[in-house]
Amino acid sequence: MQKKVGIITIGQSPRTDMTPALRKLLPKDTVILEKGVLDGRSSDEIQALRPEPGQTTLISRLQNGGSAVMAKEKILPMIQTLIDELNQANVSLIILACTGKFPLFTSRIPIVYPDFLLNHVVKGLLREGLLGVILPLPEQAESIIYKWKEVDFMAIPMASSPYTFVEEQLINAVQQLDQYPVKAILLDCMGYTEEMKVIAQAHTTKPVILSRNVIYGVAGEIL
């Protein structure tokens, strides 16, 4: 029986940087339905979603290869609308393609929450202690520290965006983290690629964990 998987990006679809890697881990005849929070929105509408003081900063990819910054609090209703649409499309599974921390949404279809899944996989692997975390934006550091503290890790954040990618910036972030006694270095965004993981591994003696591999691998197991 052919399966359908829904993917929700908080940016614009299709995520040509992301879905090919997912497809490799799914049954060959799986249909992937992509939806983006920013699909069809004008530049002004996207600009209006930028964080206000006290709101949580998220970042995602646009169709033109650029990126957009938005407040988590502003896009929650939009995500729920896309979940409703995918429920109507009778998908077997919904993947929320963002490692940020989200509340539970309403859905009769199972939803993969990357933040919850990633936290507990890393918890199972490393238990607790210092964790090096590479994230897209410096202003996300506070929320990242809080997210990992919930599962007994002290996160040391360093910023290097996967969207406006500069290899030297990633190398610098990895080398700085390598100076700490961290148990691993985590690329904490779905935008980081296998190629970026290889670059990171070349500049550290610590294990490097790619978020999307964890999420995709588990998603592939339950289809």
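Residues numbered from 1 in each chain as written. Predicted model: local features only at pLDDT ≥ 70, side-chain atom pairs only at ≥ 80, totals over all residues. Heavy atoms only, no water.

Some thoughts on the side chain of K206
Following the sequence through the fold, K206 ends up in the loop between α7 (194-201) and β10 (208-210). Within the structure, K206 has its side chain in polar contact with the backbone oxygen of D178 (distance 3.0 Å). If we skip the residues at most four places from it in the chain, K206 touches D178, Y180, V182, A184 and I185. (Helix = DSSP H or I, 4+ residues; strand = E, 2+ residues; numbered from the N terminus. Polar contact = N/O pair within 3.5 Å; in protein donor to acceptor, adjacent residues only side chain to side chain. Contact = heavy atoms within 4.5 Å.)

Side note on the sheet that holds strand β5 (residues 93-96)
Taken in spatial order, the four strands make up an open sheet running β2-β1-β5-β6, and their pairing is parallel. Bordering the open sheet on either side are β2 (31-36) and β6 (111-112), each of which pairs with just one other strand. Sheet topology note: the strand β1 (residues 4-9)/β2 ladder contains six bridges and is parallel. Considered in β2, the bridge of T9 is made with G36. (Pairing = 2+ DSSP bridges.)

Some words on the pairing of β1
The element β1 is extensively covered by neighbouring structure, given that five of its six residues are classed as buried. Direction of pairing for β1 relative to β5: parallel, over a ladder of four bridges. Each bridged residue has a counterpart across the sheet, and for G6 the counterpart in β5 is I94. (Buried < 20%, exposed > 50% of the residue type's maximum accessible area, 1.4 Å probe, protein only.)

Topic: the nonpolar core
Nonpolar side chains tend to gather and get buried jointly when the protein is soluble and globular. With 30 residues, the main nonpolar core has I95, V122, L131, W148 and I215 as its most contacted residues. Looking at this core, the elements that each hand over two or more residues are β1, β5, α4 (114-126), β7 (129-135), α5 (141-149), β8 (153-159) and α8 (211-221). Non-local contacts of V122, meaning those with residues more than four positions away in its chain, are made with R127, L131, W148, F153 and I209. Counting residues in hydrophobic clusters, the runner-up holds 25 residues, among them L58, L62, A68 and M78. (Core = buried A, V, L, I, M, F, W, Y, C linked by side-chain atoms within 4.5 Å.)

Some points on the pattern of salt bridges
A complete count under the given rule lists eight salt bridges for this structure. Among the salt bridges present, the one from E150 reaches K101, with a minimum N-O distance of 3.1 Å. Taken together, the positions of E150 in the loop between α5 and β8 and K101 in the loop between β5 and β6 put the pair 49 residues apart, joining distant regions of the chain. Of the residues examined, K101 reaches a relative accessible area of 33% and is grouped as partly exposed. K147 serves as the salt-bridge partner of D188, at 3.0 Å between the closest nitrogen and oxygen. (Salt bridge = Lys/Arg side-chain N within 4 Å of Asp/Glu carboxyl O.)

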